[in-house]
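Structural features, examined
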Amino acid sequence: MRLALLLVFALSLPACAPRLGDDDDSGDDDDSSDDDDAADDDDAIDDDDDLTPPPYEPSWTAGWSFGKCWGTCIGSLHVADDGLVTYSISNWDGEVFLERSSDALPESHARLQALQDAVDIGSLDPVYGCPDCADGGAQNMNWDLGPVLFSVSYEFGNPPPELADLHDLAALWQQELAACEFSELAPLAECEPFEG
């Protein structure tokens with residue numbers, strides 16, 4: 001009889017698994033008190049109760065790397081949809097030697113968009129040649145388009161013809177941000193040339 005009562009009691013309890021929309025107080029960043037009657041701040045930014053993802057911002061990245069390398073082994077030029085250009089140089093251990101950002105001038109940003117529009121990424125191969133073979137280095141381009149992330153890798157300094165103009169623009173912007181000699185990007189008030 002006791003076993004039957006325990007079974008009926010256990011089955012009458014709500015399931016312990018959280019459901020979407022339930023407010024689980026553990027780890028919730030928007031609860032300011034432990035009061036069960038406190039209202040949940042569902043409009044707070046970074047609220048783990050919100051079901052809507054943050055707005056998506058497309059971007060394009062052009063990078064380079066050398067596999068057998070000590071020191072400045074990895075470079076990445078990231079261009080946000082709004083024209084903010086960020087260039088970073090690091091090593092394989094994650095140590096960052098340079099991270100610098102500037103806005104592309106409006107005509108430069110428009111040129112980048114026109115060059116990107118001229119490329120049919122669906123017709124590109126994911127790999128060209130033998131990237132980083134014989135310690136020759138590799139380069140890549142990545143299109144982050146929300147539901148679609150597309151990457152192309154190629155030998156250092158040897159882009160496929162379809163990407164040659166984008167490759168040249170990326171190299172120019174990397175040079176500008178590293179050398180502090182600006183022509184296509186907005187000049188930075190404080191900028192020391194990177195000697196790496």
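Glancing now at the overall build of the chain. Looking only at helices and strands, the chain features 3 helices and 7 strands. The N-to-C order of helical and strand elements in the chain reads α-β-β-β-β-α-β-β-β-α. At a minimum sequence separation of 6, the contacts of the chain that also span at least 24 residues come to 46%. Accessible area for the chain stands at about 12800 Å²; split by element, carbon and sulfur atoms hold 54% of it.

We now examine the packing of helix α2 (residues 106-117) against helix α3 (residues 164-179). At a minimum axis separation of 10 Å, α2 and α3 run at an interaxial angle of 150°. Classified by the interaxial angle, the pair formed by α2 and α3 is roughly antiparallel. Viewed along their axes, α2 and α3 form a crossing whose handedness is left-handed. Across the interface between the two elements, Ser108, Arg111, Leu112, Leu115 and Gln116 from α2 touch Asp165, Leu166, Leu169, Leu172 and Trp173 from α3. Its residues assigned to classes, the contact of α2 with α3 comprises 6 nonpolar, 2 polar and 2 charged.

Scanning the model with the defined rule gives 1 salt bridge in all. We note a salt bridge from Arg111 to Glu184, for which the minimum N-O separation is 2.7 Å. Taken together, the residues span a long stretch of sequence, with Arg111 in helix α2 and Glu184 in the segment after α3 at a distance of 73 residues.

As a further point, take the confidence of the model for the chain. Mean pLDDT over the chain stands at 81; residues scoring 70 or higher make up 71%. Between residues 1-41, whose pLDDT stays under 50, and residues either more than four places distant or in other chains, the model counts 26 contacts.

Quick look at a negative patch on the surface now. Taken together, the side chains of Glu57, Asp81, Asp82 and Asp103 present a region of like negative charge at the surface. Mapped onto the elements of the fold, Glu57 is located in the loop between α1 (2-12) and β1 (59-65). Residue Glu57 is classed as exposed on the basis of its relative accessible area of 58%.

Let us now look at the side chain of Gln116. By the secondary structure assignment, Gln116 is in helix α2. On the basis of relative accessible area, Gln116 is assigned to the buried category, the value being 18%. What Gln116 contacts, discounting residues up to four positions off in sequence, is Trp60, Trp143 and Leu166.

Right, let's talk about the state of the cysteines for a bit. Here the structure, examined in full by the defined rule, presents 3 disulfides. The disulfide partner of Cys69 is Cys73, and the S-S distance across this bridge is 2.1 Å. Taking the sign of the torsion about the S-S bond as the criterion, the disulfide between Cys69 and Cys73, at about -90°, is left-handed. Two residues, Cys180 and Cys191, share a disulfide whose sulfurs are 2.0 Å apart. With the S-S bond torsion at -75°, the cross-link from Cys180 to Cys191 turns out left-handed. Placement of the pair is Cys180 in the segment after α3 and Cys191 in the segment after α3, with a sequence separation of 11 residues.

With that out of the way, let us pick up the environment of Ala178. Topologically, Ala178 is positioned in helix α3. C-alpha of Ala178 to C-alpha of Glu192: the two residues are 14 residues apart in sequence and 8.4 Å apart in space. The contact partners of Ala178, leaving out residues within four places of it in the chain, are Tyr87, Leu98, Arg100, Glu192, Pro193 and Phe194.

Rules used in this analysis
- Residues numbered from 1 in each chain as written.
- Predicted model: local features only at pLDDT ≥ 70, side-chain atom pairs only at ≥ 80, totals over all residues.
- Heavy atoms only, no water.
- Helix = DSSP H or I, 4+ residues; strand = E, 2+ residues; numbered from the N terminus.
- Contact = heavy atoms within 4.5 Å.
- Areas by Shrake-Rupley, 256 points an atom, 1.4 Å probe, with all protein chains shown as cover.
- Axes fitted to C-alpha atoms, helices over the stretch in contact; angles between N-to-C directions.
- Parallel < 35°, antiparallel > 145°, perpendicular 65-115°, else oblique.
- Left-handed = near helix turned anticlockwise from the far one by under 90°.
- Nonpolar A, V, L, I, M, F, W, Y, C, P; charged D, E, K, R; others polar.
- Salt bridge = Lys/Arg side-chain N within 4 Å of Asp/Glu carboxyl O.
- pLDDT = per-residue confidence, 0-100.
- Patch = residues over 30% accessible without salt bridge, like charges linked within 9 Å, V, L, I, M, F, W, Y side chains within 5 Å.
- Lys, Arg positive; Asp, Glu negative; His and termini not counted.
- Charge placed at Lys NZ, Arg CZ, Asp CG, Glu CD.
- Buried < 20%, exposed > 50% of the residue type's maximum accessible area, 1.4 Å probe, protein only.
- Disulfide = S-S within 2.5 Å.

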